[in-house]
Amino acid sequence: MKDCTFYFLKNEYFKDFPSKGLLENKEPTKEAYHGRPYYYVLKDKKNDIYWMIPISSKVNKYQKIYDEKISKYGKCDNIVFGDVSYKKRVFLTILSKKSPTSKVVR
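Small disclaimer: the values here were computed from a predicted structure and weren't measured.

Colleague: Explain the nonpolar core to me, and be specific about the residues and the numbers.
Modeller: One finds Tyr7, Leu9, Tyr13, Phe14, Tyr39, Val41, Tyr50 and Met52 forming the largest nonpolar core, which totals 8 residues. Every element with two or more residues in this core is listed here: helix 1 (11-16), strand 2 (38-44) and strand 3 (49-56). Ranked by size, the runner-up nonpolar core spans 6 residues in total, among them Tyr62, Cys76, Val90 and Leu92.

What follows is the structure, encoded as structure tokens:
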């Protein structure tokens, strides 16, 4: 795997590690070739594992959560907005949403 790259997890990953708050694969639709969420990979060099950071298209949902945290705490360090393929997306850096892995499908 390459650090700082986008990946999809294999369906087997979700069978081996049933969801505990992770984004799950969904059935393909006319609008989406496949229903897999994609992840941004960061390598933890200290522990030699890769962290898969989920990326969501639910910008409005997370914008509301982000705004509430900014209002309440003055900061929000677990939701990051960015552009992916010219579309606004949300990087969910919430520790409970990230998952370590060593096998992925690109």
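Right, picking up where we left off after that structure.
Colleague: Lay out unusual backbone geometry with the relevant residues and their values.
Modeller: A positive phi angle, near 55°, is found at Asp48, a position not held by glycine. Counting through the fold element by element, Asp48 comes out in the loop between strand 2 and strand 3. Taking the relative accessible area as the measure of exposure, Asp48 reaches 53% and is therefore exposed. Non-glycine residue Tyr86 carries a positive phi angle of around 65°.

Colleague: Let's hear about the environment of Trp51: which residues, and what values?
Modeller: Relative to the helices and strands, Trp51 resides in strand 3. The sequence separation of Trp51 and Asp3 amounts to 48 residues, and the corresponding C-alpha distance is 9.4 Å.

Definitions and cut-offs
- Residues numbered from 1 in each chain as written.
- Predicted model: local features only at pLDDT ≥ 70, side-chain atom pairs only at ≥ 80, totals over all residues.
- Heavy atoms only, no water.
- Core = buried A, V, L, I, M, F, W, Y, C linked by side-chain atoms within 4.5 Å.
- Buried < 20%, exposed > 50% of the residue type's maximum accessible area, 1.4 Å probe, protein only.
- Helix = DSSP H or I, 4+ residues; strand = E, 2+ residues; numbered from the N terminus.

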